[in-house]
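For reference, the chains in residue letters:
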Amino acid sequence: MEGGYVNEGGQLKTKNGQKYVFNGPPSSGVYVSRTCLVISALIMVAALISSVLITYFLTSQALPIADPQPSAQAQSKDHPEHQADSHANATPLANAKFDIPDWLKTRKEAPTSSPELPPVIVQNEDKLAAPPVGDIPVIEETLDTSIKSSERLLQLYEGWRPLHYRIVIEPNVESSASNGSLIIEIARDPKVTSWEPIVLDVYNVSISNVRILRAQLANASEEVELDFDSDYGDNNATFVIKLAKELATESNLQVLLSLDFVSQVTDTLQGIYKTSYVNPDNKQLQWVISTQFSPIDARRAFPCFDRPDMKANFTLSIIRNIKTSMALSNMPISRTSSHRPGYIRDDFMTTPKMPTYLLAFIVSNMVDSRFADLDGDLVPRVEIWTRPTFVDMTHYAYKMVRKFLPYYEEYFGIRNKLPKIDLVSVPDFGFGAMENWGLITFRDSALLVPEDQELASSSEHMQYVAQIIAHELAHNWFGNLVTPKGWDDLWLKEGFACYMSYKALNQVHPEFQIMDTFTVLEFKESMQHDAANTSHAISFDVKTTNDVRRIFDPISYSKGTILLRMLNSIVGDEAFRSATQDLLQTFAYGNMNRDDLWAFLTRHGHEKGTLPKDLNVKQIMDSWITQPGYPVVHVERTGADLVLRQERYLLPARNPLDHSRWFIPITYETDELHKGDNIPTHWMTQDEEQLVIKDVFTKQSNSDNVVYLNLNRESYYRVNYDMASWLALKKNFSTLPRITRAQLLDDALHLSQAEYLPYDIPLTFLMELFTAVDDELLWSAAKPGLNYLIYNLKREPAYETFRAFMKFIVRPAFDHYGLNEPDNESHLQLKHRALVANFACKFNYDRCTQVAQMKFREWMRDAKKNPIKPNLKSVIYCTALAEGSYPEWYFAYKQYKRTNSASEKEEILTSLGCTTKPWLLSKYLNLTINSTSGILKQDGALAFRAVASNAIGYEIAFDFLQSNIKEIADYYGDGFSTISEMIKSLTIYMNKDYHKQQLQALAANCRKLGLKAVEIAIGMAMEQVNDNIYWRTHSYDNLKGFLEGIVSEFQINIF
């Protein structure tokens, strides 16, 4: 350990800021008089002068230059006998504060020499001398104070598999460290014939007191200790243990690896981390220890095999201060005992086999909602934990859990496997929620639904909470019970959980019509990302830790969900469900890959007769899984036939050199033929240039007849019709199925964006909103395409004409709905009213903006009584702050700090970015990196996006990011791609060449600081800017002309 300094709290700080606590008496010290102090100082000065004179005398002599000696560290490594004191920061096992078996306390000193690793080629990386076991090496300070990249190669070492972890851990808030001991039962993998070392994943973990025993046989009388070498691997990303080669002949070898470790308690919401809240009764700060091990952060907590396919059982014990009232983990507590004065030890039951990323625990003073007491006879026991003031907000979530669980058990044909499910709202949480088996963690807004009228949640928020809960519960079967083998198939578990959440919510609340919403929401999320040149295949080779974090994106979630729904439509509901049940039963507590799923779906599709015998699912799906993007299918009438062609849909325009092809299921209807189901009747293969469908129409002259493809939007592609078909669809628009209407509008807007269509077609379809006042799905489908036009026109002269056109379209719907919300409206009506109001105020319809300001000022007059209805808060808050000044902004910020409703906080955070006052926007951004502002780290990207999506604020946001990138990177860490999300949100208004230069300067700065993940995000953002520039150059003038023509023809008032 490098030298450091001792602060007032008795802590030794090293140069990199890590703390080590001396457990000395709290008030030790000796009084020294002033006279004694002066005399001591004179003696020290005299000694210093003498030493200088002696040094000068010695160095002035002509002494021979000696050969350089090995460094102390090198000597220690070459001579293990000198390493007795090399573990200064490790806890000696004999003195550890755990109940340790006696045979571990009397262990021998472990030799620590450098073992051989399987060959790994790492280019352009600085190598550090391997430290003694027990030290995390401290990089010596130099003039370069840049941030070091956290990206690491993701190596998958084979040869050994964990069977059982026994972990005792004591996380400590004050020292920001966890002391622990660990015993892993490890078996040699018989599939690997070569003799490999045991390689554990670690990240900033100090290891000591390593010992390895042969696993005892039932009739063994004594333990057998094994010789080994151990050391950290490259970049200290692994801990490597090499056993003697004499054991290589034992193919069924099992060992017990025991060690002590010290890991960090972070404040970046990764690994074991700490967060806090204020107790409203005594105003005291209450600390919470929580965990977030997914995707690859269990290695931050303890040494482990941190991979999805390395499943094992876990037996966890937590040592906590007696001042904390509870500890939770995946399983129920089996025993609680006094550990030492002031400390309690909780021992938990052993988990089923599961990967490390599902292990979780929480230590805090949070309270339960007492639901388990009410439903004590139900299995599993369900409890919701939160802060005392939020207990009344947990009822909705509990009702949803009790409705979803029976549905899943019946659908999958497998009962829930764990005896209990705890749901916990964590004060600061990086994801929306995390499916830890038996201990599901949420951010507040994803779990809590206020029932108080003033704080009541919007219909959209209640739907969001229900769907998040359904998603996490679905993971109990797909993800937890059966886990994808590798990160390249992450989309399988997330896609299944997301798709099943739609099915479950549709079963519990059919009035939500959530499966119709699917065709707009999920397609928007996926297609927007998948149209870019920077998109990735849904399954790709994951090579680095940053790759693992990047795959948690809409491609894995939304595209995965869409493809599973497409599969469901291909094989039918019965075959899909039967195949899923067989898969879960076959691979329970194990791992699977996508080919396993394809095989089950093929078999059941053939058995049900829904999948043609000459087709198999792998043949169909490989084209969708292994390449990025999606197709646009071109439809042309030739007499009574249809001719179909496919090409990749790309932004900013088609690329003739891209020859991507897909295996596409084709469904269609005409005004003469109504199919009745969604199972495909035709297939476009990858090898065919075109597909001809014969006799679609009954007569050769059919220009007035309607034809539309991709029924219910079951498959993942856009459709571009010939002009005769577009005109027929427009003429008969009101008679078409509701999903088809929404699909046509969405496709038309995005086909024009990519220059497949002139803009007169989507503008004509947009005018259908003028009369389709109640078609909430059609209005929802318009939103993504309209937003793109708003962002690219907002700072251009044509926006005046565009705003007048849209105000003309929106006026009838807003005049019908207004900003007064009756109490008897349905879920869909409430959501629709809010969307119409959002458009009306966004396009400055004065009847909307004036009423919004009036209602907000009414709230300002009596802050304790909010008259604004939950579903209209978003539009009223934003409009009032945009039209107002600093009084509205400061009032909103004060209400943000005052309210205890998480959904209300998110509404206000978004609205704070709506102001048009530059100094307030700048102030707001600076609050996001101020830990005392009340803005949680989990909400940093949300607040930044609120400013960046403001036409006035985006340049301020860019300047903030450029000026503070190092501080932002330090503050947020790398766990949740927060900075990448910030950069992505910056590009929506960037459509000029100088914007590219700004991004290039930011990328250069990040490269200098070693922020590789951020640099990659900037590269992807650059593609979006290039697309915007292309659109402005090629499409802006055409759109402007069409808009001016419509405004003139319909005599629309420009003001």
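If you're wondering where the values come from, they're calculated on a predicted model, not measured in any experiment.

Reading the values: rules and limits
Residues numbered from 1 in each chain as written. Predicted model: local features only at pLDDT ≥ 70, side-chain atom pairs only at ≥ 80, totals over all residues. Heavy atoms only, no water. Salt bridge = Lys/Arg side-chain N within 4 Å of Asp/Glu carboxyl O. Helix = DSSP H or I, 4+ residues; strand = E, 2+ residues; numbered from the N terminus. Buried < 20%, exposed > 50% of the residue type's maximum accessible area, 1.4 Å probe, protein only. Core = buried A, V, L, I, M, F, W, Y, C linked by side-chain atoms within 4.5 Å. Contact = heavy atoms within 4.5 Å. Phe/Tyr/Trp six-rings, centres within 6.5 Å; stacked < 30°, edge-to-face > 60°. Lys NZ or Arg CZ within 6 Å of the ring centre and 35° of its normal.

*Asks:* Would you mind going over the pattern of salt bridges in detail, with residue names and values included?
*Replies:* By the definition in use, this model includes 55 salt bridges. Note that R320 and D346 form a salt bridge whose closest N and O atoms lie 2.5 Å from each other. Of this pair, R320 sits in strand β13 (residues 313-321) while D346 sits in strand β16 (residues 343-348), placing them 26 residues apart in sequence. The pair R320 / D346 is uniform in exposure class, with both members buried.

*Asks:* With reference to specific residues and values, describe the nonpolar core.
*Replies:* Grouped together as the largest cluster of nonpolar side chains are 306 residues, with contacts concentrated most on F302, F404, Y408, L709 and L766. Take this core: its biggest share by element is 12 residues, from helix α7 (residues 490-508). Apart from residues no more than four positions distant in its own chain, F404 is found in contact with A466, I469, A470, L473, A504, L505 and V508. With 5 residues, the next largest nonpolar core counts V520, I739, A742 and L777 among its residues.

*Asks:* I'd like a description of the packing of aromatic side chains, backed by residues and values.
*Replies:* In this description, a pair of aromatic rings is defined by centroid distance and the angle of the planes. Counted by the stated rule, this structure contains 54 aromatic pairs. Measuring from ring centre to ring centre gives 5.9 Å for Y499 and F576, while their planes differ by 80°; the resulting arrangement is edge-to-face. Of the two residues, Y499 is situated in helix α7 and F576 in helix α11 (residues 573-586); the sequence distance between them amounts to 77 residues. With relative accessibility at 3%, the residue Y499 sits in the buried group. For F576, a relative accessible area of 0% translates into the label buried. Seen from their ring centres, F808 and F1050 are 6.3 Å apart, and the 45° between their planes marks the pair as tilted. Of the two residues, F808 sits in helix α18 (residues 799-817) while F1050 sits in the segment after α30 (1036-1049), which places them 242 residues apart along the sequence. Put simply, the rings of Y502, F518, F523, W624, Y630, Y649, W662, Y716 and Y756 touch in pairs and so form one group of aromatic residues. For the cation-ring pair, K274 lies above W287, with the distance from its terminal atom to the ring centre recorded as 5.4 Å.

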